[in-house]
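Survey of secondary and tertiary structure
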Amino acid sequence: MTQMAMPNKNIKKMRGKVKKIALIEPIRNFSPNMGLITLAAIPKLAGKEVKILYMFDYEYKSGDQLSNYSLKKIKDFDPDIIGVGFLSAEWHAAKVVIERLATAFDKIIVAGGRHPSSFPKDVLTWGADFVIVGEGETAFEELINCIENNGAGLESSVGIAFYKEDGAFHLNPRLKETANLDIIPAYHLIPYQNFINTKLGVVGRYLKSGWLATSRGCFSKCIYCRDNNFGGHLRFRSMDAVFDDIRLQLSNYDLDCFYIVDDMFAVKEKRVIEFCDRFIAIQKEFNKMLYFAATARTDTLTKPMVNAMEKAGCTQLTFGVESGSPKIHDILNTNKSCTTIVPAFEMLKESEIDTFVNFIIGVPGENEDDINLTLKIIDSIKPTTVGVTFLTPYPGTRLYDLACNNNWLDGDMKKEFVYRHNYKPQLNVGIDPSLLLNRAKRIYKKTSRKTILNVFTRHESIELIFDVIKMMFKHPVKVLDTIKSILTGDIDKFKTKYRHLLYVNTGLTINNGL
């Protein structure tokens, strides 16, 4: 990626009072952007008119251009600030968006998120005026203060990258973390009920799931994860704020489950039990049966946690087991011991809690012995569902630096990060890609039929069957394609087709105006 010095035009755009802010997600995905709707709720934005807009559907392909419809949404709103938040997997679409907005509108453009935090100079050359590096809540508030004071205090504000008037690049020291995690996201600014209605929140269930954060961050230092560079350690929302959030969602939306988005939920026994006790109480308050799904670690899970979660309505726990090989865990620096895997799943064996277990393959140094150890672990723990991901060198991680230094990147990856989706190998580590694909299929086959059939054995299966029948009339080709992927056992294709079908069926397409 190239960088060049740019003459500064952003200082001159600082015209005083900010009244309108447009926050843009370049690609609308299957789930809401929790970071963006949390940013939209920061106190500084109170009293300002804020809109969240989407530019592309999730099917964006390289080369697609912004439609006049998307540009008209921004023109009609006429914001003072345009904020664009995105991940590395979305940078191609974000570049198109920022370049087009910079030429079409004389507005202050602010970029943020994981990719801009890793490559602030690049994103500034696309046409962004400022890049927020790291967590955005505090930095965005400070930037708005600077704008409303005609640029005063800009160079001392934290976490903001920009080009100065002489063309020199300037990056203020970044905040390591956001102090206030108790902000309730601005769900009303997005088509939140439509997201809920996709019923895609919990794998293997067909529940109307809302999304909920109870913490932020992670205490692991895995080489493939950027959270180590994006806020750092594990921090918790207050339990009162968590249940204010739940109460707000239950009062305003039709849902029967919460998908807890934390990287680490089941890590502190006392906190988990308190959450479960209060979750039971809120079901009584609303006279409504509720479920939740969350994450756990095999080395922090306890039997009292399992008992409390099952009683409260936990329907699924997700584990990042990654591998059954101690060697692979050492390479990935997961700080996990394979000896904790089987005991953790023994605790869950007698419960009604489903398990979704993620594995990573395509690791440098991996061989058939390592894969066999993973298959052996799956046979031992018998998870409800497995997910397989090819090791991906996201910018901003130690893995990305290792990949650059060891020539593990090939093709376009040598020039710029290209996300190839979970079903394609990401690194050139001397292993035949077809062999890696076969390894992934071997892992998937352990639970693929169980995963697909699981939803048809639940109380909501009748609702699913009726919905499929209705969708047959509305989207016959998409339904038949989805059924075909089930019959062929192609679990990745099934997931993609199934998600797309529900996404379209609930009206979450850009041309529907949502």
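Presented here is a report on the structure given in the accompanying data block. Please read all numbers here as calculations on a predicted model, not as lab measurements.

About the thresholds
- Residues numbered from 1 in each chain as written.
- Predicted model: local features only at pLDDT ≥ 70, side-chain atom pairs only at ≥ 80, totals over all residues.
- Heavy atoms only, no water.
- Pairing = 2+ DSSP bridges.
- Helix = DSSP H or I, 4+ residues; strand = E, 2+ residues; numbered from the N terminus.
- Axes fitted to C-alpha atoms, helices over the stretch in contact; angles between N-to-C directions.
- Contact = heavy atoms within 4.5 Å.
- Expected span 1.5 Å × (residues − 1).
- Buried < 20%, exposed > 50% of the residue type's maximum accessible area, 1.4 Å probe, protein only.
- Arc of directions from axis to C-beta.
- Right-handed = clockwise from strand over helix to strand, strands pointing away.
- Core = buried A, V, L, I, M, F, W, Y, C linked by side-chain atoms within 4.5 Å.
- 1 Å grid on protein atoms, 1.4 Å probe; cavity = no way out; pocket = protein on both sides within 12 Å on 5 of 7 lines; lining within 4 Å.
- Points joined across faces, edges and corners; volume = space filled by probe spheres on them.
- Salt bridge = Lys/Arg side-chain N within 4 Å of Asp/Glu carboxyl O.

The next thing to look at is the sheet that holds strand β12 (residues 291–296). On the basis of which strands lie adjacent, the open sheet formed by six strands has the order β8-β11-β12-β13-β14-β15 and parallel pairing. The sheet is open, and its two edges are formed by β8 (209–212) and β15 (385–390), each paired on a single side. Adjacent strand axes in the sheet meet at a mean angle of 20° when their direction is disregarded. The pairing of strand β14 (residues 354–361) with β15 spans six bridges and is classified as parallel. Each bridged residue has a counterpart across the sheet, and for I360 the counterpart in β15 is T389. Where helix α9 (residues 269–286) meets the sheet, its contacts fall on β8, β11 (257–260) and β12, and the angle it forms with β12 comes to roughly 170°.

Its 14 residues place the ends of helix α17 (residues 461–474) 20 Å apart at the C-alpha level, agreeing with the 20 Å of an ideal helix rising 1.5 Å per residue. Every buried residue of α17 is accounted for by S461, L464, D467 and M471. Down the axis, α17 shows its buried residues gathered within 115° of arc, on one side only. Along α17, the residues that are exposed and aim more than 90 degrees away from the buried face are I462, F466, K470 and F473.

It is worth spelling out the pairing of strand β3 (residues 81–85) at this point. Counting buried residues in β3 gives five out of five residues, a clear majority hidden from the surface. With burial as the criterion, each face of β3 is covered, one bearing I81, G83 and G85 and the other bearing I82 and V84. Of the pairings in the sheet, the one linking strand β1 (residues 20–27) to β3 comprises four bridges and is parallel in character. Note that in β3 the partner of L23 across the bridge is G83. Pairing of β3 with strand β4 (residues 108–112) involves five bridges; the strand directions are parallel. Residue pairing for β4: V84 is matched across the bridge by A111. Read from β3 through helix α3 (residues 91–104) to β4, the crossover connection turns out right-handed.

To continue, consider the nonpolar core. Judged by nonpolar contacts, the single largest core of 114 residues is most densely connected at F140, I246, F275, F292, L301, M309 and L317. Take this core: its biggest share by element is six residues, from helix α6 (residues 137–148). When neighbours within four sequence positions are excluded, L317 is seen to be in contact with A294, T295, A296, L301, M309, L348, I353, D354, T355 and F356. Grouped together as the second largest cluster of nonpolar side chains are 31 residues, M55, V84, A93 and I98 included.

It is worth spelling out empty space enclosed by the protein at this point. By the definition in use, this model includes two cavities of 30 Å³ or more. Considered as a void within the structure, the second largest cavity measures approximately 30 Å³ in volume. In terms of lining residues, the second largest cavity is bounded by E322, S323, F359, I360, I361, E366, D370, I371, T374 and I443.

A word on the pattern of salt bridges. Summed over the entire model, instances satisfying the criterion amount to 23 salt bridges. Put simply, R216 and E135 hold a salt bridge, and the shortest N to O gap is 3.2 Å. With a gap of 81 residues between them, R216 in strand β9 (residues 215–216) and E135 in the loop between β5 (130–132) and α6 connect regions that are remote in the sequence. By sharing partners, the salt bridges in this structure join K17, K44, K48 and E148 into a single network.

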